[in-house]
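Observations on the three-dimensional arrangement
Chain by chain, the residues run as shown.
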Amino acid sequence: MSELLQTPLHHLHVALGAKMVPFAGYSMPVQYLMGVMQEHIHTRTKAGLFDVSHMGQVIIKGADYPTAAMALETLIPVDILGLKPDRQRYGFLTNDTGGILDDLMLANRGDHIFMVVNAGCKITDLAHMKAKLSGVQITEITDRALLALQGPSAQAVLSELNPMAANMRFMDVTSLSLAGSECWVSRSGYTGEDGYEISVPTAQAEALAKRLLSHADVEPIGLGARDSLRLEAGLCLYGQDLDDSLNPVEASLTWAIQKVRRTDGARAGGFPGSEIILPALDQGVTRHRVGLKPEGRAPMRHDVPLFQSENGGEQIGIITSGGFGPSIGGPVAMGLVADGLHQPGTVLYGELRGKRLPVTVTSLPFLPANFKR
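Residues numbered from 1 in each chain as written. Predicted model: local features only at pLDDT ≥ 70, side-chain atom pairs only at ≥ 80, totals over all residues. Heavy atoms only, no water.

1. Side note on the overall build of the chain
Looking only at helices and strands, the chain features 8 helices and 20 strands. In terms of overall dimensions, the chain is globule-like: its C-alpha atoms have a radius of gyration of 21 Å, near the 21 Å expected for 373 residues. Overall, the C-alpha framework of the chain stretches about 65 × 50 × 40 Å when taken along its three principal axes. The long-range fraction of contacts in the chain, counting pairs at least 24 apart against all pairs at least 6 apart in sequence, stands at 64%. Summed over all atoms, the accessible surface of the chain reaches about 15500 Å², with 52% contributed by carbon and sulfur. On the chain, the mean spot of the 32 positive side-chain charges and the mean spot of the 38 negative ones are 4 Å from each other. (Helix = DSSP H or I, 4+ residues; strand = E, 2+ residues; numbered from the N terminus. Rg over C-alpha atoms; globule rule 2.2 N^0.38 Å. Contact = heavy atoms within 4.5 Å. Areas by Shrake-Rupley, 256 points an atom, 1.4 Å probe, with all protein chains shown as cover. Lys, Arg positive; Asp, Glu negative; His and termini not counted. Charge placed at Lys NZ, Arg CZ, Asp CG, Glu CD.)

This is the structure we're talking about:
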């Protein structure tokens, strides 16, 4: 553990009784004394506080916002130029074969773009952008922590620190003073629940976390529940559900590519892999990311092979993420399956310890999202 990086909240996690594990090069809390199951349920019913300071925070600045946006559109196949001020959008970096290098969030902050990237990809993301982009300044923010407050009580909790938090809509981004700290706040998260992500100066991070945790509705939440929450919400984990060999169409992320960047759009193409991704949007692909519900109580996890029949036949897919869904009351999973076998209701078979068990293709998400529109 001594070689692992620590977030600004490391000592607070230890003081709260967290079980610490290695994750993306950091020492991170996988669970606290409440346990994964109860942490999950608490987030769905009240509010959970997550430390996501291991993720990368990046500012991209040009002569003006359009300059930065047009530069970044050469690497990301979404409408960045058309993003309104103080609004945020999901996107992904692609490679020359159409694969996803990383998925991320980006926001229009008026004179710059604020981006949050995955912890395991931030070093390569920064190197990639610096090598490929010209006319813009790319800066990693290393003096701020990142917290996520998620759950149906999140608005009430944060509004006690600043009433303006209640006025934010899903995907709004603004600067708010919280407990004396100047924070960059987005109304977003990765649980399927209403909530906020809060970038706070490192020196004030622990004080803000303690202030939020002092509320009766807020409990600290670790990586274990974070994974089951995002899985129930049908959200991807980079490195499992997404990687550099999978294109956005195969990943069922076509909703994130706006019309203006598609074939015949005003700014069609111009990003790595566009000659593969754009035809795939129009003509289809040979595999699809889908939701999967195994029968019974036994979860089917990452790398479980999928087959069309109970006996014999070739492998037609694989589970990319899986586990027990506490809010569902049973196992849930996501996976890649062959074209033609991706329709909801299709019964497939996952092979566990030499035995094939039925699993049904299901629409995503497993639970309806509770975002504030």
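Still more ground to cover, so stick around.
2. Regarding the nonpolar core
Ranked by internal contacts, the top residues of the largest apolar core, which has 26 residues, are Leu 158, Ile 198 and Leu 212. Every element with two or more residues in this core is listed here: β4 (47-51), β10 (144-150), α5 (154-161), β11 (173-178), β12 (181-186), β13 (195-201) and α6 (202-213). Counting residues per element, this core draws most heavily on α6, at 5 residues. Setting aside residues up to four positions removed in sequence, Leu 158 forms contacts with Leu 149, Ala 165, Leu 178, Val 185, Tyr 196, Ile 198 and Leu 212. (Core = buried A, V, L, I, M, F, W, Y, C linked by side-chain atoms within 4.5 Å. Buried < 20%, exposed > 50% of the residue type's maximum accessible area, 1.4 Å probe, protein only.)

3. Here we look at the pairing of strand β5 (residues 56-61)
For β5, a buried count of 5 out of 6 residues is recorded, marking the element as mostly surrounded by other parts of the structure. One ladder, built from 5 bridges, connects β5 with strand β8 (residues 113-117); its direction is antiparallel. Its bridge partner lying in β8, Gln 57 is registered against Val 116. Strand direction decides the pairing type here: β5 and strand β9 (residues 137-140), joined by 4 bridges, are antiparallel. (Pairing = 2+ DSSP bridges.)

4. Things to note about the pairing of β11
The pairing of β11 with β12 spans 6 bridges and is classified as antiparallel. Following the sheet pairing, Val 173 is matched in β12 by Ser 186. Taking the residues that link successive antiparallel strands as the turn, the β11-β12 hairpin has 2 residues, and the phi of Ala 179 there is positive, at about 50 degrees.

5. Overview of the layout of surface pockets
Its volume calculated, the second largest pocket comes out at about 200 Å³. The wall of the second largest pocket is formed by 16 residues, among which Tyr 26, Ser 53, Lys 122, Thr 142 and Arg 144 lie closest to the centre. Secondary-structure elements contributing two or more residues to the lining of the second largest pocket are β1 (5-6), β5 and β10. Of the residues assigned to the lining of the second largest pocket, the class counts are 6 nonpolar, 7 polar and 3 charged. (1 Å grid on protein atoms, 1.4 Å probe; cavity = no way out; pocket = protein on both sides within 12 Å on 5 of 7 lines; lining within 4 Å. Points joined across faces, edges and corners; volume = space filled by probe spheres on them. Nonpolar A, V, L, I, M, F, W, Y, C, P; charged D, E, K, R; others polar.)

6. A few points about the packing of aromatic side chains
The final tally for this structure, using the stated rule, is 4 aromatic pairs. Ring centres of Tyr 90 and Trp 255 lie 5.4 Å apart, and the angle between their planes is 25 degrees; this geometry places the pair in the stacked category. Of the two residues, Tyr 90 sits in strand β6 (residues 88-94) while Trp 255 sits in the loop between α7 (223-232) and α8 (274-283), which places them 165 residues apart along the sequence. On the basis of an interplanar angle of 75 degrees and a centroid distance of 5.3 Å, the ring pair of Phe 114 and Trp 184 is categorised as edge-to-face. Of this pair, Phe 114 sits in strand β8 while Trp 184 sits in strand β12, and the two are 70 residues apart along the sequence. Note on Phe 114: relative accessible area 7%, which makes it buried. Connected via pairs of aromatic rings, a cluster forms that spans Tyr 90, Phe 92 and Trp 255. Across the ring face of Trp 184, the terminal group of Arg 144 is positioned such that the distance to the ring centre comes to 3.7 Å. Taking the ring centre of Phe 307 as reference, the NZ or CZ of Arg 356 above it sits at 3.6 Å. (Phe/Tyr/Trp six-rings, centres within 6.5 Å; stacked < 30°, edge-to-face > 60°. Lys NZ or Arg CZ within 6 Å of the ring centre and 35° of its normal.)

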